[in-house]
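Listed below, chain by chain, are the residues.
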Amino acid sequence: MSNLRNRYKRFKEWEQQPHQVAPLSEDHHECPTCGTHYEGNYCPRCGQSCKIARYSFKNALLLYLDVWGLGNRGMFRSIRDLILRPGYMIRDYLRGMQMAYFPPFKMFFLLCALTLLIDSGLNIQGINYDKQTEKEFQELFHLDEVTNNLKKERLEKSKEKEAEKKAKEQSGIKLTEKEKKKEKMDEMANQIIDDAFNWGENHLSVMFLASLLIFSVPLWLLFRHSPAIPDLRLSECFVAMVYITNMLAIYSIIPPLLCFSLKADLTYSLLTLLLAIIPIKQLSGYSYMSTIWRILVAFIPFIFMMVALFLASIFIMILYLKITV
């Protein structure tokens, strides 16, 4: 038991220590690129590493991985620290230790691409996980029946309108300008709604970053004078939220990779969301209770802002239709 306590104590001490940079090499080097003679790990003239040797398959693989950001030591260090010491790592990054860790936005889009690959079949069963969970979700909540009923109702309404229109044409009754205008507005409104949904489905990462930026505003107001960072900026709070999202994305890769069932995936996702409290607590320096109530309070204005944006978009759409029709 005492051995476990000592290990836990050492782990907590390691968590709070910033990344240690490797000491400078005292060996003399000649840069193969520019011919500069120097001491250290990198050429001061062109920046080439002293460790670059003759070309080999290993070097080729590392260079290929570097193109995608996967061979960079900062990427693996960032993933490790986001799992073991997320809040302290984010604090180190915000304090200026940026060369030690992978950039948050680049990491976000790489994780999005990796998640897409795993969902589409790069998993232990080689199946499309998105379609599998969608099918299980529909079976669990009987969404097939609901969808079919909605389609039938929509089809019946369109048939009724078409029949009514034909009956008026046969009887010689022409549509009034008001009716024509209303019909055109309905068609344009349906088209705009369909285009908006399609755009949202194709740009989920952009939509998520936008909502994350909105959520950062109330969160920053509640954490801007925290004990660990008493002068936290809104931009820093947003970057911290992107890193926390990356941490959650790393954990969320496990269900599609191992092909969890829908119920296990939902339970796992809920537990994973609770892990977001840890980095915010470590970053701010507040206690867990202070961190939790601040996060919950931040959700209230966030929901109001999202509703206000939704209503504003509807108002703009109505105004646009009135002007164009």
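Here goes a summary of the coordinates provided. This is a predicted model, so every value here is computed, not measured.

1. With respect to the overall build of the chain
Here is step 1: Summing up its helical and strand segments, the chain has 14 helices and two strands in all.
Here is step 2: Going through the 325 residues of the chain one by one, you find that 29% of them count as buried.
Here is step 3: Partitioning the contacts of the chain with sequence separation of at least 6, the portion at a separation of at least 24 is 63%.
Here is step 4: Accessible surface computed for the chain: about 22,800 Å², of which carbon and sulfur atoms make up 64%.

2. Some words on unusual backbone geometry
Here is step 1: Unlike most non-glycine residues, Cys259 shows phi in positive territory, near 60°.
Here is step 2: Note on placement: Cys259 falls in the loop between helix H11 (254-258) and helix H12 (262-274).

3. A word on the packing of helix H5 (residues 104-119) against helix H9 (residues 204-223)
Here is step 1: Interaxial distance between H5 and H9 falls to 11 Å at its minimum, and their mutual angle equals 140°. Judged on the interaxial angle alone, H9 and H5 are oblique. Once H5 is placed against H9, the crossing between them reads as right-handed. Seen from H5, the contacting residues are Phe105, Phe108, Phe109 and Cys112; seen from H9, they are Ser205, Phe208 and Leu209.
Here is step 2: Its residues assigned to classes, the contact of H5 with H9 shows six nonpolar, one polar and no charged.

4. A word on the packing of aromatic side chains
Here is step 1: All chains considered together, the criterion is met by 10 aromatic pairs.
Here is step 2: Plain terms: the ring middles of Phe215 and Phe299 are 4.8 Å apart, the flat faces sit at 35° to each other, and that makes the pair tilted. Placement of the pair is Phe215 in helix H9 and Phe299 in helix H14 (residues 288-324), with a sequence separation of 84 residues.
Here is step 3: The exposure class of Phe215 is buried, given its relative accessible area of 8%.
Here is step 4: Between the aromatic rings of Phe299 and Phe302, the centroid separation amounts to 6.2 Å while the plane-to-plane angle is 75°, which identifies the pairing as edge-to-face. Of this pair, Phe299 and Phe302 both sit in helix H14, separated by three residues, roughly a single helical turn.
Here is step 5: Take Phe299: its relative accessible area is 37%, and that puts it in the partly exposed class.
Here is step 6: The ring of Trp14 has Arg85 sitting right over it, with the charged end atom 5.9 Å from the ring centre.
Here is step 7: In this arrangement the basic side chain of Arg224 is found over the ring face of Trp220, its NZ or CZ atom lying 5.6 Å from the centre.

5. A look at the pattern of salt bridges
Here is step 1: Taken as a whole, this structure holds four salt bridges when the rule is applied.
Here is step 2: When the shortest N-O distance is used, the salt bridge between Asp81 and Arg80 registers 2.8 Å.
Here is step 3: Arg85 is the salt-bridge partner of Asp92, the closest N and O atoms lying 2.9 Å from each other.
Here is step 4: Note on Asp92: relative accessible area 8%, which makes it buried.

6. Describing a nonpolar patch on the surface
Here is step 1: The grouping of Phe299, Ile303, Val307, Phe310, Leu311, Ile314 and Ile318 at the surface amounts to a nonpolar patch, some 620 Å² of accessible area in total.
Here is step 2: Following the sequence through the fold, Leu311 ends up in helix H14.
Here is step 3: Under the relative-accessibility criterion, Leu311 is labelled exposed at 51%.

7. What to know about the packing of H9 against helix H10 (residues 234-252)
Here is step 1: As a packed pair, H9 and H10 sit with axes 9 Å apart at the nearest point and diverge in direction by 125°. Comparing their axes, H10 and H9 come out oblique. With respect to the hand of their crossing, H9 and H10 are arranged in right-handed fashion. Counting all contacts with H9, which are made through Phe208, Leu209, Leu212, Leu213, Phe215, Ser216, Val217, Leu219 and Trp220, the residues of H10 involved are Leu234, Cys237, Phe238, Met241, Val242 and Thr245.

8. Quick word on H10
Here is step 1: Its 19 residues give H10 an end-to-end C-alpha distance of 27 Å, which sits within 8% of 27 Å, the value for a rise of 1.5 Å per residue.
Here is step 2: The buried fraction of H10 amounts to 16 of the 19 residues, a majority that puts the element mostly inside the structure.

Cut-off values and rules
Residues numbered from 1 in each chain as written. Predicted model: local features only at pLDDT ≥ 70, side-chain atom pairs only at ≥ 80, totals over all residues. Heavy atoms only, no water. Helix = DSSP H or I, 4+ residues; strand = E, 2+ residues; numbered from the N terminus. Buried < 20%, exposed > 50% of the residue type's maximum accessible area, 1.4 Å probe, protein only. Contact = heavy atoms within 4.5 Å. Areas by Shrake-Rupley, 256 points an atom, 1.4 Å probe, with all protein chains shown as cover. Axes fitted to C-alpha atoms, helices over the stretch in contact; angles between N-to-C directions. Parallel < 35°, antiparallel > 145°, perpendicular 65-115°, else oblique. Left-handed = near helix turned anticlockwise from the far one by under 90°. Nonpolar A, V, L, I, M, F, W, Y, C, P; charged D, E, K, R; others polar. Phe/Tyr/Trp six-rings, centres within 6.5 Å; stacked < 30°, edge-to-face > 60°. Lys NZ or Arg CZ within 6 Å of the ring centre and 35° of its normal. Salt bridge = Lys/Arg side-chain N within 4 Å of Asp/Glu carboxyl O. Patch = residues over 30% accessible without salt bridge, like charges linked within 9 Å, V, L, I, M, F, W, Y side chains within 5 Å. Expected span 1.5 Å × (residues − 1).

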